[in-house]
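# Structural description and commentary
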Amino acid sequence: MNSKIVKRFLGCSAIATTMMFGASLAQADETLSDGQKATVESLIEDYLLKNPDVLLRAIQNVQVWQATEKARQQAEAITPVWDALVADSSVPSLGPVDAPVTVIEFFDYHCGYCKRAFDGVMDIAKEHDGKVRTIFVEFPILREESATAARAALAADKQGKYMEIHEAFMANRGLLDDTRIDELAASAGVDVAKMREDMQSPEIGGMIAQYAAMARTVGISGTPAFIINGTMVSGADMDRVNALVKTGLEEAS
């Protein structure tokens with residue numbers, strides 16, 4: 001095995017080990033002289049060169065620890081965001097608030113993957129009516145028109161027309177510019193003039209900013225992203241979403 005690889009691993013593993021076991025190792029390292037450190041490193045390097053399987057197992061252990069630590073940190077970040085969205089009645093949703101399973105979706109109206117996932121999202125809500133709550137979180141990140149469409153949807157919600165306009169926007173295959181937004185809103189029975197007025201309200205702007213901050217907190221950088229009973233699913237992996245919904249329903253039964 002190349003000695004350069006071993007030396008590189010020694011440096012990386014020292015950092016990872018310090019992260020896992022705390023500052024005590026770093027303090028112990030400071031008590032060794034430069035000569036002692038060189039001797040210890042030489043002995044370790046020689047051993048690893050003669051026993052490469054030990055090095056490979058150590059690398060695998062570090063990778064497992066890193067993945068576990070990342071998952072733990074993400075779970076800790078998700079909990080407050082999950083609790084806030086579930087408790088916030090102003091966030092558009094379908095299904096009873098006391099449903100045993102809650103599906104939260106972060107989406108953008110110009111996201112092709114969100115549009116592909118839309119039928120699956122709605123199928124879950126319909127198939128498990130009364131047992132699943134679906135929360136729709138506007139997360140316009142792809143273009144300026146996405147932000148305008150998100151404002152329009154939240155303004156339509158004030159008229160009790162959120163799902164009508166949400167479905168219309170998701171079904172649209174072109175650019176949602178101002179003209180198209182107004183056309184779809186009117187077809188959905190929305191008072192367009194009132195919608196446009198409400199779109200400028202600080203309340204709606206604050207909601208979108210809050211949702212964006214929540215997405216950053218849990219590490220969401222693309223759409224769609226789902227949180228099912230506290231578990232994150234990135235991308236339009238509807239098989240995974242359905243599996244988590246099924247598990248949640250089984251645990252609740």
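Per chain, the residues get numbers from 1 upward, laid out in the order the sequence is written. Confidence filtering applies because this is a predicted model: local features only for residues at pLDDT of at least 70, side-chain atom pairs given and counted only at 80 or more, and all residues used for totals across whole chains, interfaces and linings. In computing side-chain properties, one takes all heavy atoms of the structure into account and sets aside hydrogens as well as water.

Let's shift gears to the overall build of the protein. Summing up its helical and strand segments, the protein has eleven helices and five strands in all. Accessibility here uses a 1.4 Å probe with only protein chains present; expressed as a share of the type maximum, an area under 20% marks a residue as buried, one over 50% as exposed, and anything in between as partly exposed. Residues classed as buried in the protein amount to 37% of the 253 residues present. Counting contacts in the protein only where the partners sit at least 6 residues apart, residues at least 24 apart contribute 77% of the total. Surface accessibility in these figures is a Shrake-Rupley result with a 1.4 Å probe; residues are shielded only by whichever protein chains are displayed. Surface exposure of the protein reaches about 13700 Å², of which carbon and sulfur atoms provide 52%. Here a helix means four or more residues in a row that DSSP labels H or I, a strand means two or more in a row labelled E, and each is numbered from the N terminus. Two residues qualify as a contact provided that any one of their heavy atoms is within 4.5 Å of a heavy atom in the partner residue.

Right, let's get into the sheet that holds strand β4 (residues 225-228). For two strands to be treated as a pair, DSSP must find at least two bridges joining them. Spatial ordering of the open sheet is given by β1-β3-β2-β4-β5, a layout of five strands whose pairing is mixed. Each of the sheet's edge strands pairs with one partner strand only, and the pair in question is β1 (93-94) and β5 (231-234).

Another aspect to go through is the packing of aromatic side chains. Stacked, tilted and edge-to-face are the three classes assigned to paired rings of Phe, Tyr and Trp, where Trp is represented by its six-membered ring and a pair needs centres within 6.5 Å; plane angles under 30 degrees give stacked, over 60 edge-to-face, the rest tilted. A complete count under the given rule lists four aromatic pairs for this structure. Their ring planes at 90 degrees and their centres at 6.1 Å tell us that Phe106 and Phe139 sit as a pair that is edge-to-face. Within this pair, whereas Phe106 is found in strand β2 (residues 101-107), its partner Phe139 is found in the loop between β3 (132-138) and α6 (144-157), the two being separated by 33 residues in sequence. Residue classification places Phe139 among the buried residues on the basis of a relative accessible area of 7%. Judged by centre distance (5.1 Å) and plane angle (85 degrees), the ring pair of Tyr109 and Phe169 falls under edge-to-face.

The relative placement of two packed helices comes down to the angle between their axes together with the axis-to-axis distance. Here the axes come from fitting lines to C-alpha atoms, over the contacting stretch only for helices, and the angles between their N-to-C directions go from 0 to 180 degrees. Contact geometry of α6 with helix α10 (residues 202-217) gives a least axis separation of 10 Å together with a crossing angle of 120 degrees. Here α6 lies oblique to α10, going by the angle between them. Here the hand of the crossing between α6 and α10 comes out right-handed. Judged by residue contacts, Ala147, Ala150, Arg151, Leu154 and Ala155 of α6 engage Ile204, Gly205, Met207, Ile208 and Tyr211 from α10. Grouping the amino acids of the contact of α6 with α10 by side-chain chemistry returns eight nonpolar, one polar and one charged. Throughout, the term roughly parallel applies to angles under 35 degrees, roughly antiparallel to angles over 145, roughly perpendicular to angles from 65 to 115, and oblique to all others. Note on convention: near helix rotated counterclockwise from far helix by under a right angle means a left-handed crossing. Clockwise means right-handed. Side-chain classes are defined by residue name, with Ala, Val, Leu, Ile, Met, Phe, Trp, Tyr, Cys and Pro counting as nonpolar, Asp, Glu, Lys and Arg as charged, and the others, Gly among them, as polar.

Looking now at the pairing of β2. Summarising burial for β2: seven of the seven residues are buried, a large majority. Along β2, one buried face is formed by Val101, Val103, Glu105 and Phe107 and the opposite face, lined by Thr102, Ile104 and Phe106, is buried too. If you view a crossover with the strands going away from you and the path from the first strand over the helix to the second runs clockwise, you call it right-handed. Tracing the backbone out of β2, into helix α5 (residues 112-127) and back to the parallel element β3 gives a crossover that is right-handed. With four bridges joining them, β2 and β4 adopt antiparallel strand pairing. By the bridge assignment, Glu105 is partnered in β4 with Phe226.

Functional significance is not addressed by these values, which are geometric in nature.
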